[in-house]
There are 2 protein chains.
Amino acid sequence: MSGNRSAGDVRSVAEKVFAIADAFGTGAELSLSDIAQRANLPLSTAHRLLAEWVEWGGIVRGDDGLYRVGMRLWKLGVRAPTARRMRMVALPFLEDLYEVTRENVHLAIRDGLGALYLERFSGRGSVPVISEVGSRLPLHATGVGLVLLAWAPSDVLEELVASGPRKFLPNTMVTERELRPRLAEIRATGIARSVNELTADSFSAAAPIRDQTNEVVAAVSIVAHADRSADPQYAAAVGVASRGISRALGWRS
Amino acid sequence: MSGNRSAGDVRSVAEKVFAIADAFGTGAELSLSDIAQRANLPLSTAHRLLAEWVEWGGIVRGDDGLYRVGMRLWKLGVRAPTARRMRMVALPFLEDLYEVTRENVHLAIRDGLGALYLERFSGRGSVPVISEVGSRLPLHATGVGLVLLAWAPSDVLEELVASGPRKFLPNTMVTERELRPRLAEIRATGIARSVNELTADSFSAAAPIRDQTNEVVAAVSIVAHADRSADPQYAAAVGVASRGISRALGWRS
């Protein structure tokens, strides 16, 4: 592959192609110079590789000269079996949960130190949330994240605490001393309750989803107004839905 | 780029990288030899480029040795503004439609000669459908497809008829003589009704979604059992939902 490498940059052509895609990880609309800078490529190389991306359809260039992720990547991405299978199995249960509560309903999996949102329903009257499909929010400050953290390998908590987790609000727990007993309680009760930890005025009840190996592979939650946090219906509904999804994945209690 | 090309294959490295991805367009789990064959690459090249894809996370290799689309591509794909904006705007209306009818609810955009499904809700009791998110079904045999075809540039119908469209069932229309008056009627009424054209025992009512330029950019439908095809509630509900989504996109009647 050495023929593909320019002086000082040891990356292969494929790695540079992927670096262009990674530039879109934190922005939806980027200029050529944004992309070149984020991908750490000379403008000429970025321009040439972007032209190949555009030719393929993975990236589109608008009349405004800005580049965006194209539908070709969307079509490819939705074929990812992890997201596809989980979504197909969970969808009817998420619909039920939404119908019963009319609140925000979330489905997430763990992605490193974040909770990656695979699905989200929001009622018109439900509390505004910052998550959307494809969002990645911190494990320690969301209901689904705390569930995923509670059943993650123990080094994930250590890594999280060492990463300097952000204290979004006074209620957000960021130290191992606070988090350890809380995660133990979540494991004991099967429900994570989170009030005003990521955004003000919001309450989340979340529960684990298990597969046929009994491993926790995802989490489901309801997010409602904080003043509903004493209402037992949310934890009950989310507990039943999480078991339904788990059973549909082959889990047996 | 000539240094990147092997004898007889004039494709650039980036094009070969993309050819690997395209191999997953028609299969979810592929072996190395499947991929090499579909991408028209020697095994050694396919193996080397796949290793780069796996290193990046766009493709994953399972314990069974098969390759699948990875979550990195899912995360990138959901950032595509076309799908993301349409989905975010349409979702509350699709939820309403589902709640009122408890039938399958579909949202699709045109992708060449196909209808690409951006979203799908299915009730537990609703008729089974073959569409799922990311599916691409023929324009001439689905409710959403007929709507998208009715408002497509005229060369799309010509291209479709010339492509030898498949007659799935006796009701499926495949000739220009059949389709032209039908598309005119869809444009006049604003609703496409389709009975037993793609799958037996199913009925679809579909309506166009317009944006602020008055252009038809998507279609929404309900798919129910064929014996409900005389029930006027479906066309009414889908007509109202399509207008609601259009208004949310900036359309003014």
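Residues numbered from 1 in each chain as written. Chains lettered and ligands numbered in written order. Predicted model: local features only at pLDDT ≥ 70, side-chain atom pairs only at ≥ 80, totals over all residues. Heavy atoms only, no water.

### Let's talk about the overall build of chain A
The criterion, for reference: Numbering goes from the N terminus for both helices and strands, where a helix is a DSSP run of H or I of at least four residues and a strand is a run of E of at least two. Only protein chains enter the accessibility calculation, which uses a 1.4 Å probe; a residue is then buried when its area is under 20% of its type maximum, exposed when over 50%, and partly exposed in between. Should any heavy atoms of two residues lie within 4.5 Å, those residues are counted as being in contact. The protein chains shown are the only cover counted for residues, whose accessible areas, like all others here, come from Shrake-Rupley with a 1.4 Å probe. Here the positive residues are Lys and Arg and the negative ones are Asp and Glu; neither His nor the chain ends is included. The atoms used to mark charge sites are NZ of Lys, CZ of Arg, CG of Asp and CD of Glu.
When helices and strands are tallied, chain A shows nine helices and eight strands. In terms of overall dimensions, chain A has C-alpha extents of about 60 × 40 × 35 Å along its principal axes. Here chain A, with 253 residues, has 56% of them falling under the buried criterion. Looking at chain A alone, contacts between residues at least 24 apart form 53% of all its contacts between residues at least 6 apart. For chain A, the accessible surface area stands at approximately 11,000 Å², while carbon and sulfur atoms represent 50% of it. Placing the 30 positive and 28 negative side-chain charges of chain A at their respective mean positions leaves the two points 3 Å apart.

### What to know about the environment of V147 of chain A
Mapping V147 of chain A onto the fold places it in helix α6 (residues 143–150). Discounting residues that sit within four places of it in the chain, V147 of chain A has contacts with I186, A192, A206, A207, P208 and A219 of chain A.

### Section: the sheet that holds strand β6 (residues 192–195) of chain B
Residues and elements named next belong to chain B. Counted only if it meets this: By definition, two strands form a pair when at least two bridges between them are found by DSSP. Lines fitted to C-alpha atoms define the axes here, with helix axes fitted over just the stretch in contact, and angles between the N-to-C directions of these axes take values from 0 to 180 degrees.
One open sheet accounts for six strands, arranged β5-β4-β3-β8-β7-β6; its pairing is antiparallel. In this open sheet, the two strands that pair with only one neighbour each are β5 (136–138) and β6. Averaged over all adjacent pairs, the angle separating strand axes in this sheet is 30 degrees, with direction ignored. Pairing analysis gives four bridges linking β6 to strand β7 (residues 202–210), with the strands arranged antiparallel. Counterpart to V195 in the pairing with β7 is F203. Across the face of the sheet, helix α9 (residues 233–248) comes into contact with β6, β7 and β8 (216–225) while running at roughly 25 degrees to β7.

### Focus: the relation of the copies chain A and chain B
Selection rule: The least-squares superposition of copies is restricted to C-alpha atoms, and to residues with a pLDDT of at least 70 in both copies.
Rotating chain A by 180 degrees about the axis while translating it 0.0 Å along that axis superimposes it on chain B, leaving an RMSD of 0.0 Å. Expressed as an axis order, the relation between the two copies is that of a two-fold axis. The C-alpha atom lying nearest the rotation axis in chain A is that of G77 of chain A; the distance is 2.5 Å. Comparing interface residues between copies, 100% of those in chain A also sit at the interface in chain B, which points to an isologous, same-surface contact.

### Looking at the packing of helix α1 (residues 13–22) of chain A against helix α3 (residues 43–56) of chain B
This is how it is decided: When the near helix sits turned anticlockwise from the far one by under a right angle, the crossing is termed left-handed; a clockwise turn instead gives a right-handed crossing. In this classification, the charged set is Asp, Glu, Lys and Arg, the nonpolar set is Ala, Val, Leu, Ile, Met, Phe, Trp, Tyr, Cys and Pro, and all remaining amino acids, among them Gly, are polar.
Two numbers describe how α1 of chain A lies on α3 of chain B: the axes approach to 10 Å, and their chain directions differ by 35 degrees. Every pair of crossing elements has a handedness; the one defined by α1 of chain A and α3 of chain B is right-handed. Judged by residue contacts, A14, E15, F18, A21 and D22 of chain A of α1 of chain A engage E52, W53 and W56 of chain B from α3 of chain B. Grouping the constituent residues of the contact of α1 of chain A with α3 of chain B by class yields five nonpolar, no polar and three charged.

### Description of the pattern of salt bridges
Where we set the bar: Only one rule defines a salt bridge in this text: a Lys or Arg side-chain nitrogen within 4 Å of an Asp or Glu carboxyl oxygen.
By the definition in use, this model includes 26 salt bridges over all chains. Between R136 of chain A and D111 of chain A there is a salt bridge; the shortest N-O distance is 2.9 Å. With R136 of chain A in strand β5 (residues 136–138) and D111 of chain A in strand β3 (residues 104–111), the pair connects residues that are 25 residues apart, well separated along the chain. The partner of D9 of chain B in a salt bridge is R11 of chain B, with the nearest N and O atoms 2.9 Å apart. Considered together, D9 of chain B and R11 of chain B belong to a single accessibility category, that of buried residues.

### Considerations on the confidence of the model for chain A
Residues and elements named next belong to chain A. Basically, it comes down to this: Think of pLDDT as the predictor's per-residue confidence, scored from 0 to 100.
Chain-level pLDDT for chain A is 91 on average; 96% of the residues reach the 70-or-more range. When pLDDT is averaged over each helix and strand of chain A, the minimum, 88, is found for helix α5 (residues 81–101) and the maximum, 97, for α6. With pLDDT under 50 throughout, residues 1–5 is counted as low confidence; its partners more than four residues away or in other chains account for 13 contacts. For this predicted complex, the interface confidence comes out at an ipTM of 0.86, alongside a pTM of 0.85.

### Overview of the sheet that holds strand β4 (residues 114–121) of chain A
Residue and element names in this part refer to chain A. Taken in spatial order, the six strands make up an open sheet running β5-β4-β3-β8-β7-β6, and their pairing is antiparallel. One side of each edge strand has no neighbouring strand; the edge strands of this open sheet are β5 and β6 (192–195). Across the sheet, the mean angle separating the axes of adjacent strands is 30 degrees when strand polarity is ignored.

### Some details on helix α7 (residues 154–162) of chain B
Residue and element names in this part refer to chain B. Put simply, the test is: Summarising the geometry, the arc corresponds to the directions from the helix axis toward the C-beta atoms.
Taken together, the buried positions of α7 are occupied by V156, L157 and L160. Along α7, the residues classed as buried sweep out an arc of 100 degrees about the axis, all on the same side. What points out from α7, more than 90 degrees from its buried face, is the exposed set S154 and A162. As for α7, its buried residues are in contact with β3 (104–111), α6 (143–150) and α8 (176–189). One or two residues past the end of α7 sits G164, with phi positive at roughly 70 degrees.

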